[in-house]
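# Residue-level structural notes
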Amino acid sequence: MRRYSAFAIAREAARYHQGWERAWRAPEPKKKYDVIIIGAGGHGLATAYYLGKNHGITNVAIIEKGWLGGGNTGRNTTIIRSNYLQDPSAAIYEKARSLYETMSQDLNYNVMFSPRGVIMLAQTEHEVRGYKRTAHANALQGVKTEFISPTRVKEIVPIINLDGPRYPVLGGLWQARGGTARHDAVAWGYARACSDMGMDVIQKCEVTGIRNEGGKVVGVTTTKGEIDCDKLGMVVAGHCGDLARMAGFRLPVESVPLQALVTEPIKPCMDCVVMANTVHGYMSQSDKGEMVIGGGTDGHNAFTQRGSFHHAEETVRALIETFPMVARLKMLRQWGGIVDVTGDRSPILSKTPVENIFINCGWGTGGFKAIPGSGFGFAELMATGHSPLTEAFNLDRFKEGRFIDESVAAGVAH
Ligand SMILES: Cc1cc2nc3c(=O)[nH]c(=O)nc-3n(C[C@H](O)[C@H](O)[C@H](O)COP(=O)(O)OP(=O)(O)OC[C@H]3O[C@@H](n4cnc5c(N)ncnc54)[C@H](O)[C@@H]3O)c2cc1C
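A short tour of the structure in this document, coming up. Model, not experiment: these values are computed from the prediction.

## Focus on the sheet that holds strand β12 (residues 253–265)
The mixed open sheet is built from eight strands, whose spatial order is β5-β6-β4-β13-β14-β15-β12-β16. Among the strands making up the open sheet, the edge pair consists of β5 (146–148) and β16 (331–342). Taken pair by pair, the neighbouring strands of this sheet meet at an average axis angle of 20°, ignoring direction. When β12 meets β16, the two strands line up antiparallel, connected through eleven bridges. Along β16, the bridge assignment pairs V253 with T342.

This is the structure in structure tokens:
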């Protein structure tokens with residue numbers, strides 16, 4: 001793989017950009033791999049990347065039914081933060097956030113990580129108490145956050161309305177090194193690095209069956225034929241229930257649509273991310289100038305990548321309370337993704353009842369920020385059978401009642 005650099009750009013400019021090579025290969029599947037990862041979203045690709053980088057396992061296929069990054073990874077609002085309450089969550093999300101800091105250099109691919117700061121507004125006394133508690137927990141976990149006053153909120157976000165008609169802003173949980181990254185670039189950067197290590201990223205290939213023998217996985221059936229493997233990682237977000245059913249077990253996960261919208265582009269007016277969880281809406285400004293807006297999940301299970309209209313209306317209503325200028329903007333696009341939500345709002349990174357099948361799912365509304373940390377830990381789990389980062393997120397916690405309750409951190413907050 002040729003490195004991307006200022007020199008490469010100058011060289012290609014001089015020869016009319018004729019020399020760029022494909023970023024990743026488009027191979028046909030081999031008969032057998034050491035590891036198959038189902039799902040070429042961020043988590044699947046990051047897992048493959050760390051299997052190669054940290055554990056030397058490169059005979060790997062990443063199988064994707066659509067196009068890589070076409071699931072939730074390419075549909076999210078790209079918020080990155082690690083201000084979670086419970087220790088296992090803070091550990092994996094902070095690992096991920098710290099890996100985002102150097103991801104562009106590590107992958108030699110500009111993922112446009114922008115640590116512009118994230119504020120989660122406190123708009124009820126309950127939220128003030130909750131976020132102060134999280135700030136104290138974060139201090140003990142080594143995650144840099146602080147609870148800030150309404151005056152400081154207004155200094156950071158001049159366009160905000162502190163005296164909303166329903167809920168005033170009483171303060172906020174501020175993480176200065178939280179921010180955003182370009183979601184497609186994260187998927188593309190990992191795909192390029194995986195392909196460069198000799199892995200096969202196989203797109204337009206749906207897994208339709210999982211083959212087990214004697215309680216142990218032996219391969220998958222796909223729309224491109226049967227492919228054998230020694231180990232299998234299922235990393236398919238909202239479709240994890242389908243895949244688990246194919247393998248013969250059930251998951252405590254619900255699939256629901258979550259949607260986002262963008263406005264027409266306007267001049268720069270907000271240089272951080274603001275989340276208003278009580279009124280249910282959040283907003284940031286993209287590099288193009290569009291205001292990127294998201295809200296909560298639909299109240300029913302579905303697999304439509306749209307979301308229902310009344311939710312879009314509710315989200316916009318919440319945003320207009322918080323930022324009255326939004327009322328004068330036109331909405332350009334709206335879309336949805338299918339998110340996989342667990343009862344304790346924490347992910348599942350675990351062995352499964354079938355030997356050598358591993359599952360990575362349950363990231364719900366907030367897994368983009370976790371991609372590098374999840375890939376790092378899940379690859380370790382798949383390669384060695386154990387990872388300190390993923391240990392608490394195993395499936396058995398639902399049987400044993402060891403929940404990792406992140407409903408405050410992850411309710412609407414992405
Ligand atoms: C509107 C919206 C806003 C969001 N905002 C944020 C945010 O601001 N911050 C944040 O941290 N998170 C956010 N999220 C959540 C985040 O997008 C997800 O948690 C994350 O992208 C999940 O990544 P993934 O790799 O697990 O799944 P995906 O990116 O969905 O990848 C799974 C892949 O598996 C493939 N697949 C499924 N079934 C099969 C099969 N049978 N065979 C082969 N392939 C299959 C799918 O096609 C898909 O490409 C948001 C999500 C949505 C929908």
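## Some points on the packing of helix α3 (residues 87–101) against helix α10 (residues 371–384)
For any two helices packed against each other, the geometry comes down to the angle between their axes and how far apart the axes lie. Two elements in contact, α3 and α10, have axes separated by 6 Å at closest approach and are oriented at 115°. Accordingly, the angle class assigned to the pair α3 and α10 is roughly perpendicular. For the pair α3 and α10, the sense of crossing is right-handed. Contacts from I92, Y93, K95, A96, L99 and Y100 of α3 reach α10 at I371, P372, G373, S374, F376 and G377. Counted by class, the contact of α3 with α10 contains eight nonpolar, three polar and one charged residues.

## Some remarks on unusual backbone geometry
Of note in the backbone geometry, A237 takes a positive phi value of approximately 50° without being a glycine. Looking at where A237 falls in the secondary structure, it is placed in the loop between β11 (225–234) and α8 (240–247). Not every positive phi belongs to a glycine, and H280 is a case in point at roughly 80°. Positionally, H280 belongs in the loop between β13 (273–276) and β14 (281–285).

Reading guide: rules and limits
Residues numbered from 1 in each chain as written. Predicted model: local features only at pLDDT ≥ 70, side-chain atom pairs only at ≥ 80, totals over all residues. Pairing = 2+ DSSP bridges. Helix = DSSP H or I, 4+ residues; strand = E, 2+ residues; numbered from the N terminus. Axes fitted to C-alpha atoms, helices over the stretch in contact; angles between N-to-C directions. Parallel < 35°, antiparallel > 145°, perpendicular 65-115°, else oblique. Left-handed = near helix turned anticlockwise from the far one by under 90°. Contact = placed C-beta atoms within 7 Å. Nonpolar A, V, L, I, M, F, W, Y, C, P; charged D, E, K, R; others polar.

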